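Inside the fold
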Amino acid sequence: MTTQLRGPPVWEVHHYPDPGTPLMWVGWAVCLLGAFFWIRCTVAAELRRQHDPARTVTMRAMTKALPLILLAAALLGTAINFLGDYAFPYFAAIVTVLVAPVAMLGAVAAGAAWVRDRSCPPLNASRLKYRLPVA
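One structure accompanies this document, and this report is about it.

**What about the overall build of the protein?**
Summing up its helical and strand segments, the protein has 4 helices and 0 strands in all. Its helices and strands in sequence order give the protein the pattern α-α-α-α, from N to C terminus. Counting every position in the protein, which comprises 135 residues, the buried fraction comes to 21%. Sequence-distant contacts, at least 24 apart, represent 56% of the contacts inside the protein between residues at least 6 apart. Roughly 10,900 Å² of accessible area belongs to the protein as shown, and the carbon and sulfur atoms make up 71% of that amount.

Below you can see the structure in the form of structure tokens.
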């Protein structure tokens, strides 16, 4: 606001770009990349710990499916945000903060289990295929 000698004060409105928006998108990209490699390394370590013979096949399938799994988890979190805003207008932030992270972790865990189940046949099927004796 500036004043002038004659007349009312003059208001000047300046619109500056929001510095947080580009930073948010960079943060999204960094978090997505970090989640991709963190989940991939965690699954690889768990398969290595179990001495899994199909570890390379499972990791190849996980690497292919993980971007879709992360996208599904992000869409699930967004849907919970919109649902919380629609169903609980006064408590939307609480619902989103409490429910969305748990649902997103569950979606990633379910996706990883699905990939593991699809890439490795059950033990009985592998015995029939390779005609191995029952242990």
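After that view, the rundown keeps rolling.
**Considering the packing of aromatic side chains**
As enumerated under the stated definition, the model contains 1 aromatic pair in all. Between the aromatic rings of Phe-36 and Phe-37, the centroid separation amounts to 5.1 Å while the plane-to-plane angle is 85°, which identifies the pairing as edge-to-face. Look at Phe-36 and you get buried, because its relative accessible area is 15%. Under the relative-accessibility criterion, Phe-37 is labelled partly exposed at 46%.

**Concerning the pattern of salt bridges**
Counted under the stated rule, the structure contains 1 salt bridge. In this structure, Glu-46 engages Arg-49 in a salt bridge whose closest nitrogen and oxygen atoms are separated by 2.6 Å. Taken together, the residues Glu-46 and Arg-49, both in helix α1 (residues 20-49) and 3 residues apart, mark about one turn of the helix. A relative accessible area of 34% means that Glu-46 is categorised as partly exposed. Since its relative accessible area comes to 57%, Arg-49 is described here as exposed.

**Topic: the side chain of Thr-96**
By the element assignment, Thr-96 lies in helix α3 (residues 92-119). Those residues within four positions of Thr-96 in sequence are excluded, and the remaining contacts are Ile-80, Asn-81 and Pro-101.

**Some thoughts on helix α2 (residues 55-87)**
Approximately 45° is the largest bend angle found in α2, and it occurs at Ala-65, with the proline Pro-67 only one to four residues beyond. Every buried residue belonging to α2 is among Thr-58, Met-59, Met-62, Ala-65, Leu-66, Ile-69, Leu-70, Ala-73, Ala-74, Gly-77, Ile-80 and Gly-84, and all of these are buried.

**So, the environment of Met-104**
Position of Met-104 relative to the elements: it lies in helix α3. Taking the C-alpha atoms as reference, Met-104 lies 8.4 Å from Ala-72; in sequence the two are 32 residues apart. Look past the residues within four positions of Met-104 in its chain and what remains in contact with it is Ala-73, Ala-74, Leu-76 and Gly-77.

About the thresholds
Residues numbered from 1 in each chain as written. Predicted model: local features only at pLDDT ≥ 70, side-chain atom pairs only at ≥ 80, totals over all residues. Heavy atoms only, no water. Helix = DSSP H or I, 4+ residues; strand = E, 2+ residues; numbered from the N terminus. Buried < 20%, exposed > 50% of the residue type's maximum accessible area, 1.4 Å probe, protein only. Contact = heavy atoms within 4.5 Å. Areas by Shrake-Rupley, 256 points an atom, 1.4 Å probe, with all protein chains shown as cover. Phe/Tyr/Trp six-rings, centres within 6.5 Å; stacked < 30°, edge-to-face > 60°. Salt bridge = Lys/Arg side-chain N within 4 Å of Asp/Glu carboxyl O. Bend = angle between axes of the 7 residues up to and from the residue.

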